[in-house]
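Close look at the chain arrangement
In case you want the letters, here they are:
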Amino acid sequence: MKVTVTVNGKRYERDIDPRMLLVHFLREELGLTGTNIGCDTSQCGACTVHLDGKSLKSCTCLAAQADGREVTTIEGLAQGDQLHPMQQAFWEKHGLQCGYCTPGMIMATTAFLKTNPHPTEEEIRHALEGNMCRCTGYQNIVAAVKTASERM
Amino acid sequence: MTTRIFGSGIKRREDPRLITGQTRYTDDFQLPGMVYMVVVRSPHAHARITSIDISAAKASPGVVAVFTGQDVPLPGVPCAWLVPGSDLKTPAHPVLAKDTVRYVGDGVAIVIATNRYLAQDAADLVQVSYDVLPAVVNPEDATKDGAPLVHDDVPNNIAFRWVASSGDEGVDNAFNEAAASGVVVQERIVQQRLLPTAMEPRSAVAQWDQFAEELTVYSTSQNPHIARFILSALTGVPEHKLRVIAPEVGGGFGSKIPVYPDEALTAWASMKLGVPVKWTETRSENYQVTIHGRDHIEYVEMAATNEGKITGIRGKVYAGMGAYLSTAAPGIPTILHGLMYSGAYTIPNIRCESIGVMTNTAPVDAYRGAGRPEATFLVERLVDRLAAKLNMDPVELRRKNLIPPFENGHNVAIGLTYDSGNYEGALNKLLSIVDYDGFRREQAAARQQGRLLGIGVTTYSEICGLGPSQVAGAVGFQGGLWESAIVRVSPAGKVQAMIGASPHGQGEETTFAQIISDELGFPVEDIEIVHGDTDRTPMGWGSYGSRTTPVSGAALVLAARKVKEKARAMAAHLLEASVDDIDYADGKFMVRGSPDKFKTIQDATLMATLAWNLPAGMDPGMEASQFYDPPNFAYPFGAHAAIVEIDPETGTVALQRYVAVDDCGPQINPMIVEGQIHGGIVQGVGQALCEGVVYDENGQLLTGTMMDYAMPRADMFPTFELDSTVTPSPHHPIGVKGIGETGTIASTPTIYNAVMDALRPLGIEQIEMPLTAPRVWKAIQDARAKGGA
């Protein structure tokens, strides 16, 4: 089937298998491999992207469902060389180690701050329950989100 | 004065590519003409294969090939830790099962198709008929007469029986004396199975160049040089024609040390088909077949005097090995476990008997801490049991038995020589941060109100920085444990440092650049650390066992110092001065007494590279290579405390505070050190509170996805309070020890003991981990039914 998806501001038309997952569409059709797959069952959040501005786990969404809509991935977050404040905060606060969960963490938390621009630590920790990290113990991720929220 | 970047928490140099999605993990590689492999896996824990019909799969759209075990001529996957003196059996581990499957997930066929969807479609069409056999999953039950045999050539499923002892007669005497006139405490501990759960699943991309007869394998590996060694043996491609690249690797925690059948099959399929082949496991496959951790059933006891002086510790451990012996598996519950029964204490009599048991489950191997968390748990658990029995404060009991401070070697009864330690120093710092006495008063008041408030305190020492190769050989590890590094300065004054170790999240691209920056005076921006590629790096044994900084880091320091001495000689020649009259500071070599007469290391490098004017006997170039085999292990240590409150109505454990004081010697980058500790604590708390693999009695994995396996989440934790002490390792060139595993080693007993302390008024002494709300709730109900408070 034919789909038209705008990803990071660019329009893509592709003829795809109707069952293709959005994450495979991004990674394999478009070569945007920044979005990772960690669990296949929408627990870990490594594959989080924005669909029409809201966070979405792209491993449990068909590419067909994104037809005619706008997707933002980790590759589309920075403005040229200017990192998004959340990316900058993850870097400064050491909110990542192996980096595999990081794109999903950044996409999930940027969407979260749209709904709650000035969260408490407890609210941040609660908001992260759909994103797993095995390296950092979450503490510096929480600090990064807090820092970004103060700057945005 | 020389400015040092050592000790500075500079931002990581790895991060820009990671936070922008620009890096490449293995599954990100797309090679022209690449096809996808899926492994058809056994749904049974134990069964005989009666037939395999691949005709429908072969006819499925997009299928390139289907192979069964009969088609694949590869030898089995080797076990590489042959623990001596243990009557070790190493049953064959075929890359695909030919006649018998031995656990759920055992591979029986591979399907290769033009994309991953079509490959999975066809895999579902492979028809395998099985005669199901009885299975065994519990490592203690598996040793009993009449238990189903996982391998016919492993009687009673016992793969090995290993004993370490300070002297059996002394141990027996200690326990007999304590039974007669002192105290003995005992516990049966179940160290439940855990899933390492690196966020990146395993993956391999293999590319065979049939003209050059060269094989390239991109692999999610913690140790590409070991992977090359083993893949060469399996595929027959000689090592000089085999390149293993570990690109960005998304965490390992031990699970990416072994070479598994899957990587070998990917390589073989590429050679067979002449096209690049990719295999990436799903999370369910990861949970089925990537190694698990722990899985001990332990009978342990501790002997002491009535005054609380520990006189002995001994344990008998049934260590589940799973269906096959994974790469390092036999070494984990033996060498890395039994030799750590002294913990941070003076214990004159020690004995560990470890029985490695085959079961119809996924193979068990090194998982973060690997043997040491299990040892620390049982030691700390027994100390708390002893304190309760003697009605002593558990901290006072620890203090009575801690090894006194030492700076250069302390022998423990089991035969190890700890390098340096000041356990009481770490404990004192911890207690003051926690306000231990204040907490005990608060707890007494809370108990009056019926609240269940508890504290756990752990003092630990661990063994890392593996290790002297001579020791590796003596304990049966089929490899060395040295590292090597090359430091190369380019004519324009940039540094490339190539290391054999393979960081995968620990930040050595930053910390190792800090080391070189201090040694040679180059800014960090001008230093590149190259790792993870057997064609670009010198040999090394990899990143695990908290060894990268202690071992690879030492090789790097010494290589940099060789470069510095060459640059000094070159500078002296250019300055027409004697080498002995040259001072060095901040990248400049100065004539002593005339600091305006100097040459920079860049000047020296340029002239050494041009080689127009070298001192007599000097070779051109500015580069040095260094091998480093450590003279001893490194022994980080520390003290941790946790405060928990339990809701008596639901059994929910709330972690209120977690305080950690760790000592890994001087810290190259404290920000990174703390990050390692945070992550380690959470993994250890995961074991204590929520994680656990569940197999049913037929060997079906019930925790087969992240929906069923409870990973720790952000909302389970308070902000950790971290501090440190600094006790350098006497044998390391810059005194550093490893920090990758301490959090995991210390936090599980800390939390467990805190929960038991909270439950003490109810008379509860033990609950099997993980301490989930239902288990704690049930223990409270049972205690109340028995008339507890």
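The shown structure was predicted, so the numbers you read here are calculated from the model rather than taken from an experiment.

**What about the overall build of chain A?**
Regarding its fold elements, chain A presents five helices and five strands. From first element to last, N terminus to C terminus, chain A shows the α and β order β-β-α-β-β-β-α-α-α-α. Within chain A, buried positions represent 61% of all 152 residues. When contacts within chain A are restricted to residue pairs at least 6 apart in sequence, long-range pairs at least 24 apart make up 57% of them. Accessible surface, chain A: about 5,800 Å² in total, of which carbon and sulfur atoms supply 47%. With 15 positive and 17 negative side-chain charges, chain A shows a spacing of 1 Å between the two charge centroids.

**Some thoughts on helix 6 (residues 261-273) of chain B**
Residue and element names in this part refer to chain B. The terminal C-alpha atoms of helix 6, which comprises 13 residues, lie 18 Å apart, in line with the 18 Å expected from a rise of 1.5 Å per residue. Among the 13 residues that make up helix 6, ten are buried, leaving the element largely enclosed by the rest of the structure. Along helix 6, the residues classified as buried are P261, D262, E263, A264, L265, T266, A267, W268, A269 and S270.

**Focus on the domain arrangement of chain B**
Residue and element names in this part refer to chain B. For chain B, the domain assignment lists domain 1 (17-133 + 199-251 + 256-289), domain 2 (372-463 + 635-785) and domain 3 (482-628). The C-alpha centroid of domain 3 is placed 40 Å from the C-alpha centroid of domain 1. Taken residue by residue, the interface counts 16 residues in domain 1 and 17 residues in domain 3. Buried surface at the junction of domain 1 and domain 3, summed over both partners, amounts to about 1,400 Å²; 53% is from carbon and sulfur atoms. For the domain 1 face of the interface with domain 3, the top three residues by lost area are Q222, H225 and R243, together amounting to 43%. Put simply, domain 1 and domain 3 have three salt bridges between them. Summed over the shared surface of domain 1 and domain 3, the result is seven residue pairs in polar contact (both at pLDDT 80 or more). Of all elements in the fold, only helix 5 (224-235) and strand 11 (242-245) reach the threshold of two or more residues within the side of domain 1 that touches domain 3. Looking at side-chain class alone, the side of domain 1 that touches domain 3 contains eight nonpolar, five polar and three charged residues.

**What about the packing of helix 14 (residues 508-520) of chain B against helix 15 (residues 548-574) of chain B?**
Each pair of packed helices can be summarised by the angle the axes make with each other and by the distance between the axes. Residue and element names in this part refer to chain B. For the pair helix 14 and helix 15, the least separation of the axes is 9 Å and the interaxial angle reads 30 degrees. By the angle class used here, helix 14 and helix 15 are roughly parallel. As helix 14 packs across helix 15, the resulting crossing turns out to be right-handed. Across the interface between the two elements, E508, F512, I515, I516, E519 and L520 from helix 14 touch T548, T549, S552, G553, L556, V557, A560, R561, V563 and K564 from helix 15. By residue class, the composition of the contact of helix 14 with helix 15 is eight nonpolar, four polar and four charged.

**Some words on the domain arrangement of chain A**
Residue and element names in this part refer to chain A. Considered domain by domain, chain A is made up of domain 1 (2-76) and domain 2 (85-151). Using C-alpha coordinates to define each centre, domain 1 is positioned 21 Å away from domain 2. On the side of domain 2, 14 residues touch domain 1, which itself brings 17 residues to the contact. For the domain 1 and domain 2 pair, buried surface summed over both sides reaches about 1,200 Å², with 56% attributable to carbon and sulfur atoms. If you sort the residues of domain 1 by the area they bury against domain 2, N36, H50 and I74 come out on top, with a joint share of 39%. In this structure, the connection of domain 1 to domain 2 is made through zero salt bridges. Here domain 1 is connected to domain 2 by eight residue pairs in polar contact (both at pLDDT 80 or more). Those elements that place two or more of their residues in the side of domain 1 that touches domain 2 are strand 3 (48-51) and strand 4 (54-57). The dominant element in the side of domain 1 that touches domain 2, judged by the number of residues it contributes, is strand 3, at three residues. A class-by-class count of the residues in the side of domain 1 that touches domain 2 yields five nonpolar, eleven polar and one charged.

**Things to note about the interface of chain A and chain B**
Contacts between the two partners involve 46 residues from chain A, matched on the other side by 59 residues from chain B. Interface of chain A and chain B: buried area, both sides summed, is about 4,400 Å²; carbon and sulfur atoms make up 55% of it. With a shortest N-O distance of 2.3 Å, E28 of chain A and R116 of chain B are connected by a salt bridge. Inspection of the chain A/chain B interface yields 27 residue pairs in polar contact (both at pLDDT 80 or more). Residue assignment for the side of chain A that touches chain B shows that the elements contributing at least two residues are helix 1 (22-29), helix 2 (85-92), helix 3 (102-115), helix 4 (121-127) and helix 5 (139-151) of chain A. Here the side of chain A that touches chain B takes four residues from helix 2 of chain A, the largest share from any one element.

**Considering the pattern of salt bridges**
Applying the stated criterion across every chain, the model contains 60 salt bridges over all chains. When the shortest N-O distance is used, the salt bridge between D757 of chain B and R760 of chain B registers 3.0 Å. A relative accessible area of 3% places D757 of chain B in the buried class. Under the relative-accessibility criterion, R760 of chain B is labelled partly exposed at 34%. One continuous salt-bridge network, built from bridges that share partners, spans R27 and E28 of chain A together with D27, D28, R116 and K278 of chain B.

**Regarding the sheet that holds strand 10 (residues 214-219) of chain B**
Where strands meet in a sheet, backbone hydrogen bonds hold them as pairs that are either parallel or antiparallel. Residues and elements named next belong to chain B. With mixed pairing, seven strands are arranged side by side in an open sheet as 3-5-1-12-9-10-11. Among the strands making up the open sheet, the edge pair consists of strand 3 (63-68) and strand 11. Pairwise comparison of adjacent strand axes, ignoring direction, gives a mean angle of 20 degrees for this sheet. Helix-sheet contacts for helix 3 (residues 116-123) involve strand 1 (35-41), strand 3, strand 5 (107-113) and strand 12 (277-280), and the interaxial angle to strand 1 is about 30 degrees.

**What to know about helix 2 of chain A**
Taken together, the buried positions of helix 2 of chain A are occupied by M86, Q87, A89, F90 and W91 of chain A. Of the surrounding secondary structure, the elements contacted by the buried residues of helix 2 of chain A are helix 3 and helix 5 of chain A together with helix 1 (15-19) of chain B. Positive phi appears at H94 of chain A, one or two residues downstream of helix 2 of chain A, with a value of about 60 degrees.

**So, the nonpolar core**
Core analysis: the biggest nonpolar cluster contains 213 residues, and F90 of chain A together with L759 of chain B have the highest contact counts within it. Among the elements that make up this core, the one with the highest residue count is helix 9 (residues 372-390) of chain B (nine residues).

**As for the pairing of strand 14 (residues 310-322) of chain B**
Residue and element names in this part refer to chain B. Along strand 14, eleven of the 13 residues are buried, which leaves the element largely enclosed by surrounding structure. Where strand 13 (residues 296-304) meets strand 14, nine bridges bridge the pair, whose relative direction is antiparallel. Counted as the bridge partner of M302 is I313 from strand 14. The antiparallel hairpin formed by strand 13 and strand 14 contains five residues in its connecting segment, where G308 sits at a positive phi of about 90 degrees. Strand direction decides the pairing type here: strand 14 and strand 15 (residues 350-358), joined by nine bridges, are parallel. In the strand pairing of strand 15, R314 is matched with R351.

**Quick look at the packing of aromatic side chains**
The geometry of an aromatic ring pair is captured by the separation of the ring centres together with the interplanar angle, meaning the angle of the planes. Residues and elements named next belong to chain B. What the rule picks out here adds up to 17 aromatic pairs over all chains. Centre to centre, the rings of F377 and Y752 are 5.1 Å apart; their planes meet at 75 degrees, and the pair counts as edge-to-face. Of this pair, F377 sits in helix 9 while Y752 sits in helix 18 (residues 742-759), placing them 375 residues apart in sequence. The pair F377 / Y752 is uniform in exposure class, with both members buried. Connected via pairs of aromatic rings, a cluster forms that spans F229, W482, W541 and F627. Over the face of the ring belonging to F175 we find R314, whose NZ or CZ atom lies 4.0 Å from the ring centre. A cation over an aromatic ring shows up here: R547 above the ring of Y544, its NZ or CZ 5.4 Å from the ring centre.

**Observations concerning empty space enclosed by the protein**
Any space left empty among the atoms is revealed by the rolling of a water-sized probe across them. Residue and element names in this part refer to chain B. Inspection of every chain in the model, using the stated rule, returns nine cavities of 30 Å³ or more. By volume, the largest cavity amounts to about 190 Å³. H93, Y103, Y260, P261 and V289 are the residues nearest the centre of the largest cavity, which is lined by 25 residues in total. Those elements giving two or more residues to the lining of the largest cavity turn out to be strand 1 and helix 6. Its boundaries defined by the atoms lining it, the second largest cavity holds a volume of some 60 Å³. Classifying every residue of the lining of the second largest cavity gives seven nonpolar, one polar and three charged.

Cut-offs and rules
Residues numbered from 1 in each chain as written. Chains lettered and ligands numbered in written order. Predicted model: local features only at pLDDT ≥ 70, side-chain atom pairs only at ≥ 80, totals over all residues. Heavy atoms only, no water. Helix = DSSP H or I, 4+ residues; strand = E, 2+ residues; numbered from the N terminus. Buried < 20%, exposed > 50% of the residue type's maximum accessible area, 1.4 Å probe, protein only. Contact = heavy atoms within 4.5 Å. Areas by Shrake-Rupley, 256 points an atom, 1.4 Å probe, with all protein chains shown as cover. Lys, Arg positive; Asp, Glu negative; His and termini not counted. Charge placed at Lys NZ, Arg CZ, Asp CG, Glu CD. Expected span 1.5 Å × (residues − 1). Domains from an automatic or database assignment. Buried area = accessible area lost by both parts, 1.4 Å probe. Salt bridge = Lys/Arg side-chain N within 4 Å of Asp/Glu carboxyl O. Polar contact = N/O pair within 3.5 Å; in protein donor to acceptor, adjacent residues only side chain to side chain. Nonpolar A, V, L, I, M, F, W, Y, C, P; charged D, E, K, R; others polar. Axes fitted to C-alpha atoms, helices over the stretch in contact; angles between N-to-C directions. Parallel < 35°, antiparallel > 145°, perpendicular 65-115°, else oblique. Left-handed = near helix turned anticlockwise from the far one by under 90°. Pairing = 2+ DSSP bridges. Core = buried A, V, L, I, M, F, W, Y, C linked by side-chain atoms within 4.5 Å. Phe/Tyr/Trp six-rings, centres within 6.5 Å; stacked < 30°, edge-to-face > 60°. Lys NZ or Arg CZ within 6 Å of the ring centre and 35° of its normal. 1 Å grid on protein atoms, 1.4 Å probe; cavity = no way out; pocket = protein on both sides within 12 Å on 5 of 7 lines; lining within 4 Å. Points joined across faces, edges and corners; volume = space filled by probe spheres on them.

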